[in-house]
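Examining the three-dimensional arrangement
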Amino acid sequence: MSRKLFYIFEGKNLAFSLAKKLLLLGNEVFYISNDEENIKILDGLKAYHKSLELINNDPTDINWIKNLDMSKKVGAVIVISEDDALNFVITWLLRQFYEDVRIMALVNFPENEFMFKSINVSTLTPISWMEKLIEASLNYEDITDFFNPYVDKLSILELTINKGDKSCDKKLKDIKLPKNTIIGVQVKSDGSIFVPQGNSEIKDEDKLIIFALKEEVQATKEALK
Amino acid sequence: MFRNKKNIKYIVIIGCGRLGSELALKFSKTHNVVVIDKNEESFYRLSNRNFTGFTHTIDTTDIEALKKMKLDKADLVYIVTPDDNLNFMLAYGIKMMKYDIKLIARVNDPVKKGIFNKAGVTLFCPIENSVNDLVEDFERIEGND
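Here is a short report on the structure shown in this document. (Residues numbered from 1 in each chain as written. Chains lettered and ligands numbered in written order. Predicted model: local features only at pLDDT ≥ 70, side-chain atom pairs only at ≥ 80, totals over all residues.)

Our focus in this paragraph is the overall build of chain B. Of regular secondary structure, chain B possesses five helices and six strands. Seen in sequence order, chain B has helices and strands lined up from the N terminus as β-α-β-β-α-β-α-β-α-β-α. Considering chain B as a whole, with its 145 residues, one finds that 34% of them fall into the buried category. Restricting the contact set of chain B to residue pairs at least 6 apart, pairs at least 24 apart contribute 47%. (Helix = DSSP H or I, 4+ residues; strand = E, 2+ residues; numbered from the N terminus. Buried ≥ 20, exposed ≤ 12 C-beta atoms within 10 Å, placed from the backbone. Contact = placed C-beta atoms within 7 Å.)

See the structure below:
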């Protein structure tokens, strides 16, 4: 994984764990919070990780946002306070100045998600995840762990296929996937969902859920997109 | 004197603090007013003061719940909670519901005005207005000396 810069805005223990993980993977992390207590939480990481910058600043300061250093290879900007309104203002401002940067936000109330999506922000909604987890474990007793317990080795990708992609309008058997990769689920644009076979055809706007070993992720994307 | 029915507007006020409640009392004399706040106790400011509108206790951070209040039918929506970030998010969400809705948002921190202006949200800033009034008064007094 090449070294990237990640901006993390706000958040307490979640920000600490996320920053630690990203730093261990060799990335650079800039953490920004208006709350000195939050800065103190992450300060412990600085002793071991020189690539961590802690910035005590108002993250809704329009002039400051405008002058963020985006010249480096930015992996993502991640906004994870417990306040949806604060997260929305930050992400909205970021989007005004940085059209192409990947922005992710924690959305604590799922009903607010549509506003974030309208400005092209990826959302993390723990309540929705938990609902799905509970629903799955109630309906199917065998599914007790909804999340990927092998996250360090196995990736579960969700790719949307569009017209012009290598796999669009092709049957599964005609696509050469890298080894240790399998398309597990196909979701059609009308919401219908099934496990594809060799003769299943991939169409425009289909979503594919793919299981691949970490080292095959890039090759998988290249084979399909 | 009776008012012309056509002049009676449907006004929604989100936030029933000191500002929201005074606004509601004033408007309810001549218009149909609905006041929304997440805290039922906030409505005590309207009690025993001849408020003739309606009150609703709704979580103001829940835009879906606000949708049910027929905001799209309102002639005017005032968003006057003490939280600038919330006021911005609500203004944005309500405008997504109905783009041409007449909406005025309160901005508590004058520094945050730029964000609202950038999004094209009509705003008023009580602190800035008060400062301007005080400075004008001062200049008038100085001018008379």
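Before going further, it helps to examine the interface of chain B and chain A. Taken together, the 16 residues of chain B in the interface contact 15 residues of chain A. Among the secondary structure elements, those contributing two or more residues to the side of chain B that touches chain A are helix 2 (63-67), helix 3 (84-97) and helix 4 (113-118) of chain B. Of all the elements, helix 3 of chain B adds the most residues to the side of chain B that touches chain A, at seven residues.

Attention now goes to the packing of helix 1 (residues 13-24) of chain A against helix 2 (residues 36-43) of chain A. Residue and element names in this part refer to chain A. Two elements in contact, helix 1 and helix 2, have axes separated by 9 Å at closest approach and are oriented at 35 degrees. Helix 1 and helix 2 meet at a crossing whose hand is right-handed. Across from Ala15, Phe16 and Ala19 in helix 1, the residues of helix 2 making contact are Asn38, Ile41 and Leu42. Residue composition of the contact of helix 1 with helix 2, by class: five nonpolar, one polar and no charged. (Axes fitted to C-alpha atoms, helices over the stretch in contact; angles between N-to-C directions. Left-handed = near helix turned anticlockwise from the far one by under 90°. Nonpolar A, V, L, I, M, F, W, Y, C, P; charged D, E, K, R; others polar.)

Okay, the sheet that holds strand 1 (residues 5-9) of chain A next. Two modes of strand pairing occur in sheets, parallel and antiparallel, and in both the strands are linked by backbone hydrogen bonds. Residue and element names in this part refer to chain A. In spatial order, the strands read 3-2-1-4-5-6; together these six strands make up an open sheet with parallel pairing. Each of the sheet's edge strands pairs with one partner strand only, and the pair in question is strand 3 (52-56) and strand 6 (122-124). Each neighbouring strand pair of the sheet contributes to a mean axis angle of 20 degrees, computed without reference to strand direction. Summarising the sheet, strand 1 and strand 2 (residues 28-33) pair through five bridges and their orientation is parallel. Residue pairing in the sheet places Leu5 in a bridge with Glu28 of strand 2. The sheet contacts of helix 1 involve strand 1, strand 2, strand 3 and strand 4 (74-79), and relative to strand 2 the element is tilted by about 160 degrees. (Pairing = 2+ DSSP bridges.)

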